[in-house]
Amino acid sequence: ATCGAGSAAPPQMSGTESRRGSFWTKYMLSAAAASIAESVTFPLDITKTRLQIQREGQTGAGFQHRGMVATARGIVREEGLRNLWRGLTPAILRHVVYSGCRMAFYEQIREKVFKRNADGSFPLHKAVAAGMTSGGLAQLLASPTDLVKVRMQTEGKRILQGKPPLYRGTWHAFSTIAKEGGIRGLWKGCVPNVQRAALVQVGDLATYDTAKQMFLRHTPLKDNSLTHALSSLCAGLVAATLGTPADVIKTRIMNQPTQNGRGLLYTSSLDCLVKTVRAEGVRSLWQGFVPCWLRMAPWSLTFWISFEQIRKLCGIKSFGN
């Protein structure tokens, strides 16, 4: 059986239903929905990345700060419109691994590890634990693709500074990083990456799941696109608030120059955190919060509505049910 509008009849509990609700089916549906969301919102992601590194190594009165809009306009004017999507290929590859795993892991952990209460509810503390666990594990697997995405996003800045490009494309970036730092080099920045993913999934997965159940249990709202949209907006805001500081640290560690596989600017996540706060203040940890939130809100909205609709078309129960 295949997914499609023709499957309007109520699904039967059969081998077909079992396949539709399997781990790998949910994995593929999650990856598809995430690829759609990533493609739509990617210009905001590259803008956020450029904002987070713009002061790195810049001191004195000569530094000119750019805001979100000025940064995006600068990319278009100086590098071309297409460069707003520079790094999209590794970003989609990341979500094929990351979003596929985080969503499938979360549902498995919710149903088989922590389990629901007798009334069918899933309390917030369990949702937080499940979100952090699934997000961290998924990011551990996807970290090399995230590293390549960040490197590709910053290539345009190098070219404008008169430096030669480091990578000819996505696969060349993978091979170059592996040659310079070994296989372990592909997991550079893995620790802050995993930390960020765990925090973001508290916001995204746990908040969406909890908000949706609250809307369904305590308001007249039904399990439809309006409820999915409201829940996703809540998820995007919490995810951006919790995830931006870790995202700043992650981006700076991944973007730093290396020698013999070792970073030349920071020795660890804590070292990066301390140096960033000392040089730029605590507020710098939320540098890029606005584009991060403005990206996460439409990303979350696009992802969750697409994901819920694809599940419906494939005869799989709505997320959380």
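Our structure is the block above this text.
Thresholds, definitions, all that
- Residues numbered from 1 in each chain as written.
- Predicted model: local features only at pLDDT ≥ 70, side-chain atom pairs only at ≥ 80, totals over all residues.
- Heavy atoms only, no water.
- Helix = DSSP H or I, 4+ residues; strand = E, 2+ residues; numbered from the N terminus.
- Expected span 1.5 Å × (residues − 1).
- Core = buried A, V, L, I, M, F, W, Y, C linked by side-chain atoms within 4.5 Å.
- Buried < 20%, exposed > 50% of the residue type's maximum accessible area, 1.4 Å probe, protein only.
- Contact = heavy atoms within 4.5 Å.
- Axes fitted to C-alpha atoms, helices over the stretch in contact; angles between N-to-C directions.
- Parallel < 35°, antiparallel > 145°, perpendicular 65-115°, else oblique.
- Salt bridge = Lys/Arg side-chain N within 4 Å of Asp/Glu carboxyl O.
- Polar contact = N/O pair within 3.5 Å; in protein donor to acceptor, adjacent residues only side chain to side chain.
- Nonpolar A, V, L, I, M, F, W, Y, C, P; charged D, E, K, R; others polar.
- Phe/Tyr/Trp six-rings, centres within 6.5 Å; stacked < 30°, edge-to-face > 60°.
- Lys NZ or Arg CZ within 6 Å of the ring centre and 35° of its normal.

## Things to note about unusual backbone geometry
Step number 1: The backbone of Lys115 shows a phi angle near 65°, a positive value even though the residue is not glycine.
Step number 2: Mapped onto the elements, Lys115 comes out in the loop between α4 (88-114) and α5 (124-153).

## Focus on helix α11 (residues 289-313)
Step number 1: In a regular helix each residue adds 1.5 Å, so 25 residues correspond to 36 Å; α11 covers 35 Å between its end C-alpha atoms and thus fits that length.
Step number 2: With its phi angle positive at about 75°, Gly315 sits one or two positions after the end of α11.

## So, the nonpolar core
Step number 1: Counting residues in hydrophobic clusters, the biggest one holds 21 residues, and the most contacted among them are Met103, Tyr106, Leu205, Phe303, Trp304, Phe307 and Phe319.
Step number 2: Elements that contribute at least two residues to this core include exactly α2 (23-53), α4, α5, α8 (190-218) and α11.
Step number 3: Once residues within four sequence positions are removed from consideration, Leu205 is found in contact with Arg102, Met103, Tyr106, Ser134, Trp304 and Phe319.
Step number 4: Membership of the second largest hydrophobic core comes to ten residues, among which are Leu147, Val150, Tyr167 and Ile177.

## What to know about the packing of α8 against helix α9 (residues 225-255)
Step number 1: Where α8 contacts α9, the two axes come as close as 8 Å, and the packing angle between them is 170°. When the axes of α8 and α9 are compared, the pair comes out roughly antiparallel.

## With respect to the pattern of salt bridges
Step number 1: Using the criterion set out here, one finds 16 salt bridges in the structure.
Step number 2: Counted as one network, the salt bridges with shared partners bring together Lys26, Glu107, Arg110, Glu111, Arg116, Asp209 and Arg311.

## Digging into the environment of Trp85
Step number 1: Among the structural elements, Trp85 can be located in the loop between α3 (68-79) and α4.
Step number 2: Trp85 gets classed as partly exposed once you look at its relative accessible area, which sits at 35%.
Step number 3: At 3.2 Å, the side chain of Trp85 and the backbone oxygen of Ser39 are in polar contact.

## With respect to the packing of α9 against helix α10 (residues 269-280)
Step number 1: Between α9 and α10, whose axes approach to 10 Å, the crossing angle comes to 105°. By the angle between their directions, the pair α9 and α10 is classed as roughly perpendicular. In this structure, α9 uses Ile249, Arg252 and Ile253 to contact α10, whose residues at the interface are Ser269, Cys272, Leu273, Thr276 and Glu280.
Step number 2: Here the residues of the contact of α9 with α10 are counted per class, giving four nonpolar, two polar and two charged.

## Digging into the environment of Met132
Step number 1: Its place among the elements puts Met132 in helix α5.
Step number 2: Taking C-alpha positions, Met132 is 8.0 Å from Val200, a pair spaced 68 residues apart along the chain.
Step number 3: In this structure, Met132 is in contact with Ala198 and Val202, ignoring residues within four places of it in sequence.

## Regarding the packing of aromatic side chains
Step number 1: Per the stated rule, a full pass over the model turns up 14 aromatic pairs.
Step number 2: Between Phe23 and Phe105, the aromatic rings sit 6.0 Å apart at their centres with planes inclined by 35°, giving tilted as the arrangement. Taken together, the residues Phe23 in helix α2 and Phe105 in helix α4 connect sequence positions 82 residues apart.
Step number 3: Looking at Phe23, the relative accessible area reads 22%, which means it is partly exposed.
Step number 4: A centroid spacing of 5.9 Å and a plane angle of 25° characterise the contact between Tyr106 and Phe319, whose relative ring orientation is stacked. Note that Tyr106 is positioned in helix α4 and Phe319 in the segment after α11, a separation of 213 residues in sequence.
Step number 5: Judged by its relative accessible area of 0%, Tyr106 is buried.
Step number 6: You can call Phe319 buried: its relative accessible area is 0%.
Step number 7: Members of the aromatic cluster, each reached through a chain of ring pairs, are Tyr106, Phe122, Tyr208, Trp299, Phe303, Trp304, Phe307 and Phe319.
Step number 8: The ring of Tyr98 is capped by Arg94, whose NZ or CZ atom sits 4.2 Å from the centre of that ring.
Step number 9: The positively charged end of Arg102 is found above the aromatic ring belonging to Phe303, 5.0 Å away from the centroid.

None of this, on its own, says anything about what the molecule does.
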